[in-house]
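Single-letter residue listing:
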Amino acid sequence: MLNGRRSRLAGLLLGLMLAAAAFVASLMLGTTEIPAPTFLQALWHYDPARVTHLIIRTERLPRAVIAALVGASLAIAGALMQTLTRNPLASPSLLGINAGAMFFVVIAVSWLPLHAPGEIVWAALLGGFVAAGLVALLSRGRRGELSPLRVVLAGVAVSAMFVSFSQGLLIVDRQSFESVLYWLAGSVSGRELSLVVPLLPLFGAALLLCAVLVRHANALMLGDETVQGLGMRAGTIKLLLGLAVILLAGGSVALAGMIGFVGLIVPHMARGLFGVDHRWLLPACALLGASLLLLADVASRFLMPPQDVPVGVMTALIGTPFFIHLARRTSARS
């Protein structure tokens, strides 16, 4: 673990360099490898008549931007979820956001004349909000408090319900299954930067909440009684941090689909390096999450060339062994 302000600042700088290198690799590497001079020309002297310039500007640049944004957002959301529930196995999918977004996308494609990516994005975001709202409603106690155990149980129940509904609709309408297949698998390819622009205020609001409440998140780790003893309202803090999770995870699912394990893996990596202080943990999660998803996307291009494998498949391959190891370690401690 990095101890001291200087060492942690150096660690964040190295994380920034890693994320920048992964971003450049995402622009240069793929079935069509682009040499460095051509890459620089495409950035500074763009010529739409050249195929390589078109590949970088219209395909790889939006793909890299979305991968970095989604990876960072999912990692921050995962860290906040683990803090709110005090559960090391928690991730954004615990709130049912993924399952709710999937169900609303299936409805949009099957029952409504919505097929454009921009329309599906808003359907997915609405589904994430509805699912998270149901979990919050079902997990409230008699006094209105949110119990970590009830949140977990409600999240599992809501996720199972929405997954079952989605599967039933897809079985009835197989054409819709083909339309949303890549979204269900989780992919950052084929997206346009225009999809990101309307969601930027949501991501910005979530990050602002994180910045304002970062010290309160540290206090939550000590328990609700300690928070109240410090003159803070634990319920209000949890509600606002939960809203930040919904905005980050819901926006990410809306952009890239069902990408799992990033919100589970990265917070543990960041805690191992930077400790549990959220002032360092959240920036570290953002940098490591962006790097992980960018590198996973690059690797997905070489798994079954010339066809790209959805990045959600790559994160599942990486995350499943880590989840098993983490579950065993958690059960051994209990």
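Our subject is the structure that appears above.
Presented here is a report on the structure given in the accompanying data block.

A word on the environment of Leu184
Locating Leu184 in the fold gives a position in helix 7 (residues 174-185). For Leu184, a relative accessible area of 17% puts it in the buried group. Along the primary structure Leu184 and Arg140 are separated by 44 residues, whereas in three dimensions their C-alpha atoms are 30 Å apart. Contacts of Leu184, omitting those with residues within four sequence positions, involve Met102, Leu170, Phe177 and Met258.

Concerning the state of the cysteines
Going through the model one piece at a time under the given rule, you end up with 0 disulfides. No disulfide involves Cys210; its sulfur sits 10 Å from that of Cys285, the nearest cysteine.

A word on the side chain of Asn98
With respect to the helices and strands, the residue Asn98 is situated in helix 4 (residues 97-110). Not counting chain neighbours up to four residues away, the residues in contact with Asn98 comprise Ser93, Val253, Met258 and Ile259.

Structural notes on the nonpolar core
With 96 residues, the main nonpolar core has Trp183 and Ile259 as its most contacted residues. No other element matches helix 3 (residues 51-85), which puts 15 residues into this core. Sequence-distant contacts of Trp183, defined by excluding residues within four places in its chain, comprise Ala101, Met102, Val105, Ala124, Arg191, Val253, Ala254, Ala256, Gly257 and Met258.

So, the side chain of Ser291
Mapped onto the elements, Ser291 comes out in helix 13 (residues 278-303). On the basis of relative accessibility, which here comes to 2%, the residue Ser291 falls in the buried class. Apart from the residues lying within four places of it in its own chain, the contact partners of Ser291 are Gly15, Leu18, Ala19 and Ala22.

Brief notes about helix 2 (residues 36-44)
Among all positions of helix 2, only Thr38, Phe39 and Ala42 are buried. The buried residues of helix 2 occupy one face: seen down the axis, they fall within an arc of 105 degrees. Across helix 2 from its buried face, at more than 90 degrees, point the exposed residues Pro37 and Trp44. Summarising the contacts, the buried residues of helix 2 are in contact with helix 1 (5-28) and helix 3.

Focus on the packing of aromatic side chains
Under the defined criterion, the tally for this structure stands at 3 aromatic pairs. Residues Phe103 and Phe162 carry aromatic rings whose centres are separated by 5.4 Å and whose planes lie at 35 degrees to one another, so their mutual orientation is tilted. With Phe103 in helix 4 and Phe162 in helix 6 (residues 148-172), this pair connects stretches of sequence that are 59 residues apart. When its relative accessible area of 13% is taken as the criterion, Phe103 is described as buried. Judged by centre distance (5.7 Å) and plane angle (50 degrees), the rings of Phe103 and Phe165 are tilted. Here Phe165 lies in helix 6 and Phe103 lies in helix 4, a separation of 62 residues in the sequence. With a relative accessible area of 43%, Phe165 lands in the partly exposed category.

Re unusual backbone geometry
Of note, Phe261 is a non-glycine position whose phi angle comes to about 75 degrees, a positive value. Structurally, the position occupied by Phe261 is in the loop between helix 11 (234-256) and helix 12 (262-274).

Here we look at a nonpolar patch on the surface
Taken together, the side chains of Leu303, Met304, Val313, Leu317 and Ile318 make up a nonpolar region of the molecular surface, amounting to roughly 440 Å² of accessible area. Here the nonpolar patch gets 3 residues from one element, more than from any other, and that element is helix 14 (residues 311-333).

Reading guide: rules and limits
Residues numbered from 1 in each chain as written. Predicted model: local features only at pLDDT ≥ 70, side-chain atom pairs only at ≥ 80, totals over all residues. Heavy atoms only, no water. Helix = DSSP H or I, 4+ residues; strand = E, 2+ residues; numbered from the N terminus. Buried < 20%, exposed > 50% of the residue type's maximum accessible area, 1.4 Å probe, protein only. Contact = heavy atoms within 4.5 Å. Disulfide = S-S within 2.5 Å. Core = buried A, V, L, I, M, F, W, Y, C linked by side-chain atoms within 4.5 Å. Arc of directions from axis to C-beta. Phe/Tyr/Trp six-rings, centres within 6.5 Å; stacked < 30°, edge-to-face > 60°. Patch = residues over 30% accessible without salt bridge, like charges linked within 9 Å, V, L, I, M, F, W, Y side chains within 5 Å. Areas by Shrake-Rupley, 256 points an atom, 1.4 Å probe, with all protein chains shown as cover. Salt bridge = Lys/Arg side-chain N within 4 Å of Asp/Glu carboxyl O.

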